[in-house]
Amino acid sequence: MKKGYQIVIGAAVALALVGGGLAGRAMYAEHQRNQAAAEHAKQEKLMNDKVTSHADKTYGNKWILDTELSGKTAEQITPLLKAVMQKYSERKVTITVDGEAQTYSMKDCKEKIRYVCSDGTKFKPGEEDKLAQRLIAMDKELSVLDQYAIIQQEMKPSAEKITIECKSSSKGLKAVRSSLQSKYVIPVTNAHMKANGKITGTKDGQALDLDAIQKDLKTYLNSSEQKDYENSYATSVVKPSWYPKDLKKVNTVISSFETTFVHTTDRGHNIQVGASRVNGICLLPGESCSFDERIHDNSNGQAFRKASSYLRGQVVQTDGGGICQISTTAYNAILRAGILPAKRYPHSMPVHYVPLGLDAAISEGVKDLKITNTLDVPIMIYAKTKKNRLIFEVKSYKNALKGYQYKPRAVQLSSVSAKAYLDIYKGKKKVKSILLHTDKYQQHS
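As a starting point, this report considers the structure included with it. Fair warning: this is a prediction, and the values are worked out from it, not measured in the lab.

Glancing now at the sheet that holds strand β4 (residues 100-105). Spatial strand order, β4-β3-β9: three strands in an open sheet with mixed pairing. Single-partner strands in this sheet number two, and they are β4 and β9 (229-233). Averaged over all pairs of adjacent strands, the angle between their axes in this sheet comes to 15 degrees, without regard to strand direction. Bridge count between strand β3 (residues 92-97) and β4: six bridges; the pairing is antiparallel. Bridge assignment links Thr94 to a residue of β4, and that residue is Thr103. Of the strands in this sheet, β3 and β4 are in contact with helix α5 (residues 170-184), which crosses β4 at around 155 degrees. On the sheet, helix α6 (residues 210-221) packs against β3 and β9 and is oriented at approximately 165 degrees with respect to β9.

It is worth spelling out the pairing of β3 at this point. Where burial is concerned, most of β3 is hidden: five out of the six residues are buried. Counted along the chain from β3 to the antiparallel partner β4, the turn is two residues long, and its residue Asp98 has a positive phi close to 50 degrees.

Right, let's get into the sheet that holds strand β5 (residues 112-116). Taken together, the five strands give an open sheet; going across it, the order is β2-β1-β7-β5-β6, and neighbouring strands pair in mixed fashion. Because the sheet does not close on itself, it has two edges, and the strands there are β2 (67-68) and β6 (122-123). By the bridge criterion, two bridges tie strand β1 (residues 62-64) to β2 in an arrangement that is antiparallel. Its bridge partner lying in β2, Trp63 is registered against Glu68.

Following the criterion strictly, the structure yields 17 salt bridges and no others. Between Arg344 and Asp359 there is a salt bridge whose closest N-O contact spans 3.4 Å. Separated by 15 residues along the polypeptide, Arg344 in the loop between α10 (324-336) and β16 (370-372) and Asp359 in the loop between α10 and β16 bring together distant segments of the chain. There is no split in this pair, since Arg344 and Asp359 are both buried. Here the salt bridges do not stand alone but share partners, grouping Asp119, Arg134 and Glu160 into one network.

Take the state of the cysteines next. One pass over the structure, following the stated rule, counts zero disulfides. With no disulfide of its own, Cys109 lies 12 Å from the sulfur of Cys166, the closest cysteine sulfur. Its relative accessible area of 1% is what places Cys109 among the buried residues. Sulfur of Cys117: no disulfide; nearest cysteine sulfur belongs to Cys166 and is 15 Å away.

What follows is about the pairing of strand β15 (residues 314-319). Note: strand β14 (residues 306-311) against β15, six bridges, orientation antiparallel. If you follow Ser308 over to β15, its bridge partner there is Gln317. What sits between β14 and β15 in their antiparallel hairpin is a turn of two residues, with Arg312 showing a positive phi close to 50 degrees.

Parameters and conventions
By convention here, each chain's residues receive numbers from 1 onward along its written sequence. Two thresholds apply to this predicted model, a pLDDT of at least 70 for residue-level local features and 80 or more for giving and counting side-chain atom pairs, whereas whole-chain, interface and lining totals are computed over all residues. The side-chain values count all of the structure's non-hydrogen atoms but skip hydrogen atoms and water molecules. Should DSSP find at least two bridges between two strands, the strands are taken to pair. We count a stretch as a helix when DSSP gives it H or I for four or more residues in a row; a strand needs E for two or more, and each element gets its number in order from the N terminus. Each axis is a line fitted through C-alpha atoms, taken for helices only over the stretch in contact, and angles between the N-to-C directions span 0 to 180 degrees. Here, two residues are considered to be in contact whenever any of their heavy atoms come within 4.5 Å of each other. Only protein chains enter the accessibility calculation, which uses a 1.4 Å probe. A residue is then buried if its area is under 20% of the maximum for its type, exposed if over 50%, and partly exposed in between. For this analysis, a salt bridge means a side-chain nitrogen from Lys or Arg found within 4 Å of a carboxyl oxygen belonging to Asp or Glu. Put simply, a disulfide is two cysteine sulfurs that come within 2.5 Å.

Structure below.
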């Protein structure tokens, strides 16, 4: 019995020992899991705390030019941005002309300066805090694990290098140009002839290469150069192109044209007044004149009267009615001098004093006859009235037309339409025909 009892007891103890070992291992495994969870929680808290501590700071690889902005708050970034911008906005432009310096600020030049991000997004001066917040927000959309890896320098953050973009302003360039022009450019005075034949004197002018200055300044303003701009230029003397001796050669009528009118009417009065205002126009080669401006210049003290004129297909009474006959007569004289007008408008309805298609209307501020002297010698345009005759003459050098003759020609297409040509002759041979215009008119109501 004793031996059997011992066997039973031994078996029970063995079973107990076996059971206790299993429980111990379970307890040990549980302990290990708890320790790992605690360590994970600790590590997770550490990462969260670290990421949270950078919530209001930039991650690495953030620059404004050569100034690093990494690990900085908006309060730290903003003044750094402003400091860079200040260097650009406080630049000066100094242009020295004939030893005299003229200084302009970026405000004078109306310079446009912007912060430019790597992706092309731009910010204006004054938006520094907005730009700082953009830098701080970069990579903050990533997981905590990725952000922690960035902080631990185990992962590269998004790169951002802010540059400064400078752009010139056309208004600013024009303002500087205008300032220099008014100070250093003096127009040359060429000889001119007055209606009475008196010839005015000449005077040297002064030139400055404003195109070169503007080009140099534009290049600088469009660069990211931080240094002030300095450059020197010199004026030059401009001699007159035309002297009194040249104007004395303007003594030959090279073309003329005349129309008729009733000089005793109010319309006739207007034609006589208007003709006096355009009489004696001297145009050097390349110079222009506006018949609208000259005819409506009442500085001579003479006033127009009410007379018939065209308005929206109707015949109405207006001040200056009839003056279109002046521009029309001048137009035909000018064409015969081989000069095509820079501007010319037809009437709304046919006129009686020239063939259909060879008229030239003027209406203050609306329609104009503008003439530019395209010859290589000066011309004088004379207008005079002799009772019922309105006569325009163009005088110039004896050989101004170089043997050519110019003859306007109208081809009537219908009762209210026509084409006008300028035929060019050398001797008796027609060498060319130029289409001037095709006009369509309204019927008289």
